[in-house]
Amino acid sequence: MTMKPAERIPFLRREIARHEELYYTHADPEISDSEFDQLMLELKALETEHPDLLTPDSPTQRVGGRPAEGFATVLHHTQMLSLDNAYDEPDLRAFDERVRKALAAAQGVSAAEIVATYVCELKIDGLSISLLYEDGRLVRGATRGDGIRGEDVTFNVRTIRAIPLRLNGDVLPRMEVRGEVYFPRKAFERLNTEREQAAEPLFANPRNAAAGTMRTLDPASVSKRGLSAWMYQIVDATGVADAAPVEPTHVAMLEQLRTWGCAVEPHWRRATGIDDVIAFCDEWREKRHSLPFETDGVVVKLDDLAQRVTLGTTSKFPRWATAFKYPAQQATTVLRKIEVNIGRTGAATPYAVLEPVLVAGSTISLATLHNPDDLRRKDIREGDTVIVEKAGDVIPRVVGPVLSKRPEDSREWEMPTACPVCGGALVKGEDEAVWRCENSSCPARLLRSLEHFVSRGAMNIEGLGEVLVRQVVEKGLVSSVADIYALTADTLADLERMGKKSAAKLIEQIERSKQNDVWRLLNGLGIRHVGERGAQVLADHFGSVEEIEAAPPAVLEQVREVGPVMAHSVRSWFDEPRNRDLVGRLRAAGVRTVGERKVAPAGPQPLAGQTFVITGTLDAMSRDDAAARIEALGGKVTNSVSRKTSYLVVGAEAGSKLEKAEALGVATLDEPAFLRLIMNES
Ligand code: IVH
């Protein structure tokens, strides 16, 4: 027998919450993402049919409406304290000394007799957050602010899936959970890449990005960015910090948080005495770089909650805790010169040549500068003393100039007008963030193009690495990707450090690559907007390079997953006679250009009978592409929201359609949910 909606809806909500907890809190999912999405879709559909059964704590409400204007101020009923800092071992020992003295005084014994028990937690480099729960339901999320007053960011907090909208099991009627909202490294990198492509200023680090995101007025865009959270404290409504319903220790509190379904950073450890604490800090000094999020230190807290009361707080921080901070991964040095690197598409990216400097154990002499706009915004100049930073294992970057040390004769840096490699003009398209060398035979572009052509995702010619590519270009053996197929064992054997054997091996690899699937060649050609996936889609649909070459843009666009941008780019690439010539030379050399057409079968039509409206801007694809995907899966796309609309797909800067959908109770899908839907269905 099927359940009635009034039973099915709460059942689905519990199931979804349980699976979210398994996923986020325990990292141990029981079901696949698509099964999870099915539950969510079913719940959304039921709630759309029965708007009277919709409640604010439903997981479908994670993307809520937008706050009318700005953020309201909230008063924290218990002050949100900050932490005192320790920068080295003596600082840590001094902290322990103070703790033991205070405890000894209270117990009437000598400090030497006391061994304090601490809990060491990783210090999350994010933004502290206060979550208010009433009868186990999340009713408010607030930033720390000045510790007394914060900002009401409930709308944004609701979009963070690591934060439970409802707690499991026994809860206090009114209580607060505190923790840290942070950006996982991957999500942060993705965000900055997207901003770079959109020519928006980049966030300097995940912490700033988290703070900026929490202060965004558009919850739908917050939800897309992939923020996460770790919780570390319970505060009860009567204002007693560190309320632990079970046993009065911090460890019990962390365990309680997990039972409720909150995400707790799992690497904490109980430490007996300060030596143990120091060992923990040492252990994580290097190891922390392999974590998927940034931590800048270790928070050391007394475990016994009664002892915390004995120690008390100052006006700013508790006396029972301290934050040990690892030495900064930053250093200052002189920026000798700003040079420009030319990529495969001709994109010119400035980078910094530095006075070599030691940062966190290694010497660096080159650093990235992001894009020219960023460089101008920060006004970084040649000759400046600059702050350089190394975050984890990523490439070092220039944070900004130290203005007080700027030489008097310094001048603002300008993007050169000529390509540093070939002298051709550097041009910037009107709506582009990047400058490009337009000379398609620029040697730098040639090198990068060759590297791409032979790379693993393209022709996969093993043994033809960067050094060798440079050599064959410098020797004049190769001036186009087609020339690779004219190389012989004899010409190769003349190169430095190239034995007869390895030359023969390489030739074998080159020969073998002629039989590659056609998509590899297509990807290797380096047509803008055609990556590995795009190449596969085109090859499957058309079957040969020749068919693609002959296809008008309208035909290209009809291909599933090919949008107008890719279609246009493919068309204009093949319109260029030199490119057609190149394909001809490759074909003549014996490289396969004809494969098999793999016309996608009509396939399942899982979205049949569902009507979609798309609003706002999607990051991953154009609206046209999104519509094409929906239609390929049997769904219908219309322009206006009505009661018949099954889903409104909400991109960034959605307008009145979102309001209308909300008024009509039409279910919404944010971009991640939409992408999951179409990915799992195809
Ligand atoms: S405990 C009264 N634990 O660090 C205790 N804080 O520098 C308050 N932070 O404002 C904080 N990770 O935003 C605690 N495991 C952790 C933490 C942590 C990061 C932040 C928190 C605090 C700041 C102080």
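All figures in this text were calculated on a predicted structure; none of them were measured in a lab.

Q: Explanation requested: the pattern of salt bridges in the structure shown.
A: When charged atoms on two side chains of opposite charge get close, those side chains can pair. One pass over the structure, following the stated rule, counts 31 salt bridges. Glutamate 42 is the partner of arginine 8 in a salt bridge, and the nearest nitrogen-oxygen pair spans 2.7 Å. Residue arginine 8 is located in helix α1 (residues 5–24), and its partner glutamate 42 is located in helix α2 (residues 33–49); the two are separated by 34 residues in the primary sequence. Arginine 174 is the partner of glutamate 134 in a salt bridge, and the nearest nitrogen-oxygen pair spans 2.6 Å. You can see glutamate 134 sitting in strand β4 (residues 127–134) and its partner arginine 174 sitting in strand β7 (residues 174–182), a full 40 residues away along the chain. The network of salt bridges with common partners includes Asp379, Arg381, Asp384 and Arg406.

Q: Please explain the sheet that holds strand β21 (residues 647–650) as it appears in this structure.
A: The pairing of strands in a sheet happens through backbone hydrogen bonds and is either parallel or antiparallel. Taken in spatial order, the four strands make up an open sheet running β20-β19-β21-β22, and their pairing is parallel. The open sheet terminates on both sides in strands that have one partner only, identified here as β20 (636–638) and β22 (667–670). Direction aside, neighbouring strands of the sheet carry axes that sit 35 degrees apart on average. Here three bridges tie strand β19 (residues 611–615) to β20, and the two strands are oriented parallel to one another. Across the sheet, threonine 611 pairs through a bridge with lysine 636, a residue of β20. Contacts between helix α22 (residues 623–632) and the sheet are confined to β19 and β20, with β19 contributing the most and set at about 170 degrees to the helix.

Q: Just to check I follow, could you spell out the site of the ligand for this structure?
A: Close to the ligand lie 13 residues; Glu121, Ile124, Ser128, Glu180 and Lys301 are nearest. Between serine 128 and the ligand, the recorded distance is 3.2 Å, taken from a side-chain N or O atom to an oxygen atom. In the environment of the ligand, a nitrogen atom lies 2.9 Å from a nitrogen or oxygen atom belonging to the side chain of lysine 301. A total of 530 Å² of accessible area belongs to the ligand in isolation, and the protein chains cover 90% of it. Every element with two or more residues in the shell around the ligand is listed here: β3 (117–124) and β10 (295–302). Per element, the largest residue contribution to the shell around the ligand is four residues, and it comes from β3. Taken together, the residues of the shell around the ligand sort by class into eight nonpolar, one polar and four charged.

Q: Just checking my understanding: could you explain the packing of aromatic side chains for this structure?
A: What describes a pair of aromatic rings is the distance from one ring centre to the other and the angle between the planes of the rings. For the structure shown, the criterion picks out nine aromatic pairs. Measuring from centroid to centroid gives 5.3 Å for tyrosine 182 and phenylalanine 293, while their planes differ by 55 degrees, and the two rings are tilted. Here tyrosine 182 is found in strand β7, whereas its partner phenylalanine 293 is found in the loop between α9 (274–287) and β10, with 111 residues between them in sequence. Taken individually, tyrosine 182 and phenylalanine 293 each receive the classification buried, so the pair is uniform in this respect. Ring centres of phenylalanine 612 and tyrosine 647 lie 5.6 Å apart, and the angle between their planes is 35 degrees; this geometry places the pair in the tilted category. Here the residue phenylalanine 612 occupies a position in strand β19, and tyrosine 647 occupies one in strand β21, the gap between them amounting to 35 residues. The structure contains a cluster of three or more aromatic residues connected by ring pairs, namely Tyr182, Trp230 and Phe293.

Q: What's the story with the packing of helix α20 (residues 564–575) against helix α21 (residues 577–588) in this structure? I'm lost.
A: Two elements in contact, α20 and α21, have axes whose closest approach is 5 Å; the angle formed by their N-to-C orientations is 80 degrees. With respect to α21, the element α20 is oriented roughly perpendicular. Counted together, Trp573, Phe574 and Asp575 of α20 and Pro577, Asn579, Arg580, Leu582 and Val583 of α21 form the full contact between these two elements. Its residues placed into classes, the contact of α20 with α21 shows five nonpolar, one polar and two charged.

Q: How should I be thinking about the sheet that holds strand β5 (residues 137–143) in this particular structure?
A: An order of β5-β4-β7-β8 is seen for the four strands of this open sheet, with the pairing classed as antiparallel. Among the strands making up the open sheet, the edge pair consists of β5 and β8 (228–236). Averaged over all pairs of adjacent strands, the angle between their axes in this sheet comes to 30 degrees, without regard to strand direction. When β4 meets β7, the two strands line up antiparallel, connected through eight bridges.

Q: How should I be thinking about the pairing of β19 in this particular structure?
A: Each regular strand shows side chains that alternate between the opposite faces of the sheet. The buried fraction of β19 is high, at five of five residues. Residues of β19 alternate between two faces, with Thr611, Val613 and Thr615 on one and Phe612 and Ile614 on the opposite face, all of them buried. Taken together, β19, α22 and β20 form a β-α-β motif whose crossover is right-handed. As judged from the four bridges shared by β19 and β21, these two strands associate in the parallel manner. When the bridges of β21 are listed, threonine 615 appears paired with valine 650.

Q: Looking at this structure, how should I read the side chain of threonine 249?
A: Note that threonine 249 resides in the loop between β8 and α8 (250–260). Reaching out from threonine 249, the side chain makes a polar contact with the backbone nitrogen of alanine 252 at a distance of 3.0 Å.

Q: Explanation requested: the confidence of the model for the protein chain in the structure shown.
A: A low pLDDT score tells you not to read the predicted coordinates there in detail. Model confidence for the protein chain is summarised by a mean pLDDT of 86, while 93% of its residues fall at 70 or above. Throughout residues 64–68 the model reports pLDDT below 50, and contacts reaching past four residues in sequence, or to other chains, amount to 14 contacts.

Reading guide: rules and limits
- Residues numbered from 1 in each chain as written.
- Predicted model: local features only at pLDDT ≥ 70, side-chain atom pairs only at ≥ 80, totals over all residues.
- Heavy atoms only, no water.
- Salt bridge = Lys/Arg side-chain N within 4 Å of Asp/Glu carboxyl O.
- Helix = DSSP H or I, 4+ residues; strand = E, 2+ residues; numbered from the N terminus.
- Pairing = 2+ DSSP bridges.
- Axes fitted to C-alpha atoms, helices over the stretch in contact; angles between N-to-C directions.
- Contact = heavy atoms within 4.5 Å.
- Near = heavy atom within 4 Å.
- Polar contact = N/O pair within 3.5 Å; in protein donor to acceptor, adjacent residues only side chain to side chain.
- Areas by Shrake-Rupley, 256 points an atom, 1.4 Å probe, with all protein chains shown as cover.
- Nonpolar A, V, L, I, M, F, W, Y, C, P; charged D, E, K, R; others polar.
- Phe/Tyr/Trp six-rings, centres within 6.5 Å; stacked < 30°, edge-to-face > 60°.
- Buried < 20%, exposed > 50% of the residue type's maximum accessible area, 1.4 Å probe, protein only.
- Parallel < 35°, antiparallel > 145°, perpendicular 65-115°, else oblique.
- Right-handed = clockwise from strand over helix to strand, strands pointing away.
- pLDDT = per-residue confidence, 0-100.

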